[in-house]
Every structure is written in C-alpha cells, then in structure tokens.
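Spelled out, the chains give:
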Amino acid sequence: MKLQLASRLAVYAVLELAARPERQLSAAEIAETYGVSAHHLSKVLHTLRRAGLVQSVRGAGGGFRFAGNARRTSLMDVIDLFEPFDGAAASPVEPGSDTPVGSALNGVLTEIDAIAQATLRSVSLATCLKLAGKEAAA
Amino acid sequence: MTEILDYGIVPIAIRRVRQEDLPAIVALDAEITGVAKPDYWSEAYTRYGQNRPTERAFLVAETQDDPPRVVGAIAGEVRAWEFGSPPCGWLFSMQVVPDARQGKIATRLFEELRRFFQANGADTVRTMVARDNHLMLSFLRSQGLRGGPYLQLEMEIEPDLDHAGKGR
C-alpha cells in the first residue's frame, strides 16, 4: 500500500523525534535525514503540533520536540491526521459501484482497508522504533 | 491520546496452573470479557493444564501477597502440521487483570510461554486476534509478532433449502 506524501513525512518526523524525546530538531534537519522537502515537512509539523504530538521550541537553535506517548500512539493515529482511512466512507463513489460487479469489488477493497487499518493501529511508535532499530542493526 | 502511567515492574511468580486457580481465572476472564465461562476454562485447564505437558502450557502469574492473587494467565501449545505449518507454538489465550496492567506481567508471561515453545521444538509463535482488539494487537506487536503468511477466512453457514425453498 502507498501512503500519501504528507502521511509519510508525518511518520518520519514523529518517529525521528520520538526516538530521542529529549532532543529538538528543526524541520530542515529532519528533512535532510530523510531526503525530503523541508517546506512540505514544515506544514506537516504544523499539523502534528496542533495535534499535540510535537511541540515547537522557540529561541536560538529552536525546532521541534516529541510531545506524545510513543507507547500509546499508533501509526494510525499519525496517518489519520493526514488522510482519511475509513474505506468506503472516505472514498469518492467510483463509476460502476452501483453494479453487482462494482459492489463485489468494493467489498474486497473494504476488506483490504480493514486489514490495513487494523495493522497500522496495532503498531505503536515505540514498536516501530524497535523495528527501525533492528533494521539499523541488520 | 490518553496518557497512561507505567507503574513499574510488579513482583510476581509464574508457575503452571493448578485446579484451585480456576475460579480466579474465570473471574479474571469475566472481568475482561463480561462473560463468565466456567465450563470453558475447566476444559481449557484439562487440555492445556493437564494433558501433554511437553506440548501444552497453561501458566499463571501470581502476586507475592499473602495470600497470593492470580493476576494473569497464558495458555498455548506446540502444534505440528496444522494448516500446513511445521511445528510452531500457538498462543491460545492471555489475560491480565486490568488493575495490574502496566507492570510487565503480560511481557513476562509471554516470555515464559515463548521459552516453553522454544524448549519443545517450536521456533515460531502464532496466534489469532480480533481486529478490534487493539490492546492485544499492540502488545503482541511490541513483543515482535507481525503479520504471518496466513489469512483467517470465514463464512456463515446458511441452512440448506429444500425444493420448496424452505429450510430443512
């Protein structure tokens, strides 16, 4: 499955900050780590700040710091801020959906969405950081 | 997103289940699920607690209080060739009383079962969890479990109809 760019940037930013919550990083520093646009990342960080997941730190050397609970925040909690993940309710009605074939296909796609949602909801930021640690060690 | 405090590691002892633990396990499960199932847990005790001890484990976590209190339980078995799978450890059930959570009890119970599986020939742990059981899914992911190569499928069994279109 593919995440929208904003969702991916948000997950990168939150995990990067949650990995060391005592540290503050600027949008530019996070963007450089992941090879992404600092401009886009700044917008994403603004949304994360409003959601209470990060806080901005003012003054010289300011930036952002993780403000959430890594064990109690799931990937779905982050992604949900940027893209609707409610399957049929969120998707526009596709042509042909009112036909038996279209309806059957929608049923299969809804099943896939439900599995994807449950998977994302089951992975906390803390668990994802453990996975990242294993990747780094490999 | 709710802030939940970590109350530190709760001192417990983990041991094999005994018959006299059943009322506490029934109560523990009823507190979590809302349904008391004494017959179900009696059968689970027979199957996992008494039969085939080298393949099946039913463990409880009890506090160091006087008298000790059962605050968690876990059960599972090593199964071979079900669904085409080489021997693997199936986690059948796990519960921790709500007022004793956040004390690493589930983690220690799971670790004991994992060791049991490994000592009895299994190098994989599998289980099935309801999609909306976010707490259990999140816990198991934190222990390292991830989606496996199987899909759970199901269907409702509809009654057969006779030629008149009536149920048999």
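Above this text is the structure in question.
Here the structure is a predicted model, which is why all the values come from computation and not from measurement.

### A closer look at the overall build of chain A
Right, so step 1: Tallying secondary structure elements over chain A gives six helices and two strands in all.
Right, so step 2: Oriented by its inertia axes, the alpha-carbon framework of chain A measures out at about 60 × 30 × 25 Å.
Right, so step 3: Of all 138 residues assigned to chain A, the portion counted as buried reaches 37%.
Right, so step 4: Carbon and sulfur atoms form 56% of the exposed surface of chain A, whose accessible area is close to 7900 Å².
Right, so step 5: Where the 14 positive side-chain charges of chain A centre and where its 13 negative ones centre are 11 Å apart.

### Here we look at the interface of chain B and chain A
Right, so step 1: On the side of chain A, 17 residues touch chain B, which itself brings 12 residues to the contact.
Right, so step 2: Between chain B and chain A, a total of about 1400 Å² is buried, with carbon and sulfur atoms accounting for 50% of that surface.
Right, so step 3: At the junction of chain B and chain A, the tally comes to three residue pairs in polar contact (both at pLDDT 80 or more).
Right, so step 4: Split into classes, the residues belonging to the side of chain B that touches chain A amount to three nonpolar, five polar and four charged.

### Examining the pattern of salt bridges
Residue and element names in this part refer to chain B.
Right, so step 1: Taken as a whole and assessed by the stated rule, the structure comprises 15 salt bridges over all chains.
Right, so step 2: Put simply, Arg15 and Asp21 hold a salt bridge, and the shortest N to O gap is 2.7 Å. The pair formed by Arg15 and Asp21 is uniform in burial state, with each residue classed as buried.
Right, so step 3: Of the charged contacts, one joins Arg18 and Glu20 as a salt bridge, the two residues approaching to 3.5 Å between their closest N and O atoms.
Right, so step 4: Classification of Arg18 by relative accessible area gives partly exposed; the value is 39%.
Right, so step 5: Accessibility expressed as a relative area gives 56% for Glu20, which makes it exposed.
Right, so step 6: Among the ionic contacts, a cluster of salt bridges with common partners joins Arg47, Arg56, Glu77, Arg79 and Glu82.

### Quick look at the packing of helix H5 (residues 100–122) of chain A against helix H4 (residues 134–142) of chain B
Right, so step 1: Two elements in contact, H5(A) and H4(B), have axes separated by 8 Å at closest approach and are oriented at 60°. Each of Thr119(A), Arg121(A) and Ser122(A) in H5(A) lies in contact with H4(B), whose residues at this interface are His134(B), Leu137(B), Ser138(B) and Arg141(B).
Right, so step 2: Per-class residue counts for the contact of H5(A) with H4(B) are one nonpolar, four polar and two charged.

### Thoughts on unusual backbone geometry
All names here are of chain B.
Right, so step 1: Cis geometry marks the peptide bond from Asp66 to Pro67, where omega comes out at 0°.
Right, so step 2: With phi around 50°, Arg52 is a residue other than glycine that occupies positive phi space.
Right, so step 3: For Arg52, the location among the structural elements is in the loop between helix H2 (38–50) and strand S2 (56–63).
Right, so step 4: Of the residues examined, Arg52 reaches a relative accessible area of 48% and is grouped as partly exposed.
Right, so step 5: Here the phi dihedral of Lys104 falls at roughly 65°; this positive angle occurs in a residue that is not glycine.
Right, so step 6: Examined against the element boundaries, Lys104 turns out to sit in the loop between strand S4 (88–96) and helix H3 (105–119).
Right, so step 7: Note on Lys104: relative accessible area 36%, which makes it partly exposed.

### Looking at H5(A)
Right, so step 1: Given a rise of 1.5 Å per residue, 23 residues ought to cover 33 Å, and the 33 Å separating the end C-alpha atoms of H5(A) matches this to within 8%.
Right, so step 2: Taken together, the buried positions of H5(A) are occupied by Gly102(A), Ala116(A), Gln117(A), Ala118(A), Leu120(A) and Ser122(A).

### Side note on the environment of Ala137(A)
All names here are of chain A.
Right, so step 1: Within the fold, Ala137 resides in helix H6 (residues 125–137).
Right, so step 2: The exposure class of Ala137 is exposed, given its relative accessible area of 68%.
Right, so step 3: Here the alpha-carbon distance between Ala137 and Gln24, two residues 113 residues apart in the chain, equals 24 Å.

### Focus: the side chain of Glu77(B)
Residues and elements named next belong to chain B.
Right, so step 1: Its place among the elements puts Glu77 in strand S3 (residues 70–79).
Right, so step 2: Of the residues examined, Glu77 reaches a relative accessible area of 3% and is grouped as buried.
Right, so step 3: One polar contact links Glu77 to Tyr48, side chain to side chain, over a distance of 3.4 Å.
Right, so step 4: A distance of 3.0 Å separates the side chain of Glu77 from the side chain of Arg56, its partner in a polar contact.
Right, so step 5: Those residues in contact with Glu77, other than ones at most four positions away along the chain, are Arg47, Tyr48, Glu55, Arg56, Cys88, Gly89, Trp90 and Phe117.

Cut-off values and rules
Residues numbered from 1 in each chain as written. Chains lettered and ligands numbered in written order. Predicted model: local features only at pLDDT ≥ 70, side-chain atom pairs only at ≥ 80, totals over all residues. Heavy atoms only, no water. Helix = DSSP H or I, 4+ residues; strand = E, 2+ residues; numbered from the N terminus. Buried < 20%, exposed > 50% of the residue type's maximum accessible area, 1.4 Å probe, protein only. Areas by Shrake-Rupley, 256 points an atom, 1.4 Å probe, with all protein chains shown as cover. Lys, Arg positive; Asp, Glu negative; His and termini not counted. Charge placed at Lys NZ, Arg CZ, Asp CG, Glu CD. Contact = heavy atoms within 4.5 Å. Buried area = accessible area lost by both parts, 1.4 Å probe. Polar contact = N/O pair within 3.5 Å; in protein donor to acceptor, adjacent residues only side chain to side chain. Nonpolar A, V, L, I, M, F, W, Y, C, P; charged D, E, K, R; others polar. Salt bridge = Lys/Arg side-chain N within 4 Å of Asp/Glu carboxyl O. Axes fitted to C-alpha atoms, helices over the stretch in contact; angles between N-to-C directions. Expected span 1.5 Å × (residues − 1).

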